[in-house]
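Single-letter residue listing:
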Amino acid sequence: MAELPVDQALTEGRVPGRSQEEIPELHEVGCPPELRERIEALMGRYPDRKSASIPALWAVQRLYGWCTPEGIRQAAAVMRVTPAYLESVASFYDLLHTEPVGTHKVAVCTNISCWMRGGDELLDAFREAAGDDEEFFVTGFECLGACDIAPMASIDERYFGPLEAAEARTAIDQLRDGAEVLPEKALEKRPLPGGNPPAADAEASEGDLR
Amino acid sequence: MMNPKEREQSTRAEIVGRETRMLLKHAEDPALRTLAGYNGYGGYATLEKAYRELEPDEVLSELEESGLRGRGGAGFSMGKKASFLPRGDVDKYLCCNADESEPGAFKDRELMQRNPHQLIEGIAIASLAAGIGHAFIFIRGEYDSQADILDAAVAEAYEAGYLGKDILGTHRDLELVVHRGAGAYICGEETALLDALEGKRGNPRLKPPFPAVQGLYGGPTLINNVETLSNVPHIVKNGAEWFKGFGTEQSPGTKVVSISGCVQRPGNYEVELGISTRDLIYGLAGGPAEGREVKAFYPGGSSSPVLKADEGLDLPYSFEAMAGAGSMLGSGSIVVADDRVSIPHMALRTARFYHHESCGKCTPCREGTNWTVKMLERVVRGEATPMDLDIVASVQENIIGHCLCVLGDSMAMPVGAMVRKFRDEFEAVIAEAELVTA
């Protein structure tokens, strides 16, 4: 019987790799000064500089549109951590992109409350309206914390709802034209559902109105 | 006629229809977001009083005495939790959990958006009580506009001397940092939140040690929800006895309840705990559309076991009543399903969420959520047999209590309850598919 090769790791144990990843030097990575200053300021906010890793990746993403390998190396050089460390963080979180994405980000909630009120149909409508235009990054998303305006979408990090499927095309057209997106559907403009209190009367001033 | 006690309460809380607004008082005024607006309603007066006139122990005992229970989901006594932190001059931390990501919950968003200074004042007073010098607000990355509002409010509070070094000349310091997450439900779990704040992937830690003993950077850490901390100024200002005049004996105070799903007026309503659930769903939120009926509802976010209409509608909305019915008040988020909603599909939607958000550290959760999704997909596609329902149920039993955190349990409890309480509906879906095949 022919002898099969035996994995060395089984007989002698695994030999530690010699090419341990190194922390890149600042002069090797060509980090733009504004990114460097931003990350240094962020590190200064925390007792431990590593706490700045998510904020630093946000800064990289703001600058390059996504967490590019070069951007991650630049942040790693400033923070004095390995790029792999920052990559492990970036790949864990839904909002940090380790692949290129469109400039305009549309996240449509498809979780329970939005699903009950047409979230799936809204997502389809956004996908259809955006077509294969690479400017747009349309995704279904887990609960965005705005079930009161279901079905809703987060468009370039601002919340809009409740949306009709037809409004998806309006929103995409407005983004293309650089116009204000669905102003009447912005979350900020929504009043409290229970209404406002009757105007403060004279009696109210007796007590402390805190 | 109001008795004197009611009168006293009504001047300090605001009665709007069936609502009792303490945390959402004046929330309709957009100026409340600014320091000037907040000061105009008496804001930061309690911080001044606490820092200048009160001993930290006095503040702490007032919080303990008030019986305030955590509003993030677990409902643990806030004052007791703060008292677990060791005394003395050690590096201690406060983390405000603003990672609200539970499907159905959107109350913290409203509180931060409309009244950020109330939260900051609460954080400062709680930090004084527990001798904390460093505080963080961990806000989910999706809440970008709310984080901007908080950033602006924190800057104003620093400027006015309510935060930073030597607060109001009292030789006490407090640094407060708004930290944005980047999209992961698991970071709302308190120990995963700590890992994320330390700059790692958000994986939960083994407990004990609990964060009060060993938390952020290994130091004692107090972790409280946005709504919990927003209650603090009101308790310290008006006293524990006043606070206990609202709500029930075991659930004192008001609660901002998020109501969504199949109701006509979804939104946040602040009510005294103990109000009838029917009043919340029908009275405040307008009930389901004309001609429809409530079939079931999640009483406390998507992690709470669903209650059938006849089980739950007539219960008082309180921690103890929901626990008594085999569910929980959780974060205080009601999601209503009317008679059009297919429960097997709702179970699948719920399971998919937890499958997506499982961090993958513990096998029962990672595999259990995955298999539950696969089995429920078979059910709704009509490829399952009734025996599969028993397997789904047994998978849920094998998740509960077997992981570092309760993310897996949070799927297992509602999905298990749906299969148990609506088994006939699951079987009907399966039988219908068999009929078609035959």
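Residues numbered from 1 in each chain as written. Chains lettered and ligands numbered in written order. Predicted model: local features only at pLDDT ≥ 70, side-chain atom pairs only at ≥ 80, totals over all residues.

With that settled, consider the overall build of chain A. Regarding its fold elements, chain A presents 9 helices and 4 strands. Taken from the N to the C terminus, the helices and strands of chain A come in the order α-α-α-α-α-α-β-α-α-β-β-β-α. By residue count, 41% of the 210 residues in chain A fall in the buried class. Partitioning the contacts of chain A with sequence separation of at least 6, the portion at a separation of at least 24 is 61%. (Helix = DSSP H or I, 4+ residues; strand = E, 2+ residues; numbered from the N terminus. Buried ≥ 20, exposed ≤ 12 C-beta atoms within 10 Å, placed from the backbone. Contact = placed C-beta atoms within 7 Å.)

Examined at the domain level, chain A breaks down into domain 1 (23-90) and domain 2 (104-189). One C-alpha centre belongs to domain 1 of chain A, the other to domain 2 of chain A, and the line joining them spans 31 Å. (Domains from an automatic or database assignment.)

Residue and element names in this part refer to chain B. Looking at chain B, the domain boundaries give domain 1 (23-244), domain 2 (254-338) and domain 3 (343-437). Summarising the inter-unit geometry, the C-alpha centres of domain 2 and domain 3 are found 23 Å apart. Each side of the interface is counted separately: domain 2 has 9 residues, and domain 3 has 10 residues. Each residue belonging to the side of domain 2 that touches domain 3 can be placed in one class, and the counts come to 5 nonpolar, 3 polar and 1 charged. (Nonpolar A, V, L, I, M, F, W, Y, C, P; charged D, E, K, R; others polar.)

All names here are of chain B. The strand order β8-β7-β11-β9-β10 describes an open sheet built from 5 strands, whose pairing is mixed. Edge positions in the sheet fall to β8 (267-272) and β10 (307-308), since each has one partner strand and no second. Inspection of the sheet shows strand β9 (residues 294-298) paired to β10 by 2 bridges, in the antiparallel sense. Counterpart to Phe 297 in the pairing with β10 is Leu 307. (Pairing = 2+ DSSP bridges.)

Facing the 46 residues of chain A at the interface are 60 residues of chain B. Elements with a contribution of two residues or more to the side of chain A that touches chain B: α4 (53-64), α6 (83-90) and α7 (112-116) of chain A. Across the side of chain A that touches chain B, the residue classes tally to 24 nonpolar, 11 polar and 11 charged.

Next up on the list: the nonpolar core. With 195 residues, the main nonpolar core has Leu57(A), Phe126(A), Met152(A), Cys96(B), Leu280(B) and Phe297(B) as its most contacted residues. Looking at this core element by element, the count peaks at 9 residues for helix α7 (residues 116-130) of chain B. In this structure, Leu280(B) is in contact with Val257(B), Ile259(B), Tyr269(B), Val271(B), Ile275(B), Ala285(B), Tyr317(B) and Ile334(B), ignoring residues within four places of it in sequence. Judged by nonpolar contacts, the second largest core, of 5 residues, contains Ala321(B), Met322(B), Met328(B) and Leu329(B). (Core = buried A, V, L, I, M, F, W, Y, C linked by C-beta atoms within 7 Å.)

This part covers unusual backbone geometry. A cis amide bond links Gly161(A) to the next residue, Pro162(A), at an omega of -10°. Summarising the element assignment, Pro162(A) is placed in the loop between β4 (158-160) and α9 (167-177). Here the bond from Pro208(B) into Pro209(B) is cis, since omega is 5°, no more than 30 degrees from zero. Looking at where Pro209(B) falls in the secondary structure, it is placed in the loop between α9 (190-197) and β6 (221-225). One non-glycine residue, Arg80(A), lies in positive phi territory at about 60°. With respect to the helices and strands, the residue Arg80(A) is situated in the loop between α5 (69-79) and α6. Here Arg80(A) falls in the partly exposed class, since 13 other C-beta atoms lie within 10 Å of it. Residue Leu182(A) is not a glycine yet carries a positive backbone phi of 25°. Inspection of the secondary structure assignment puts Leu182(A) in the segment after α9.

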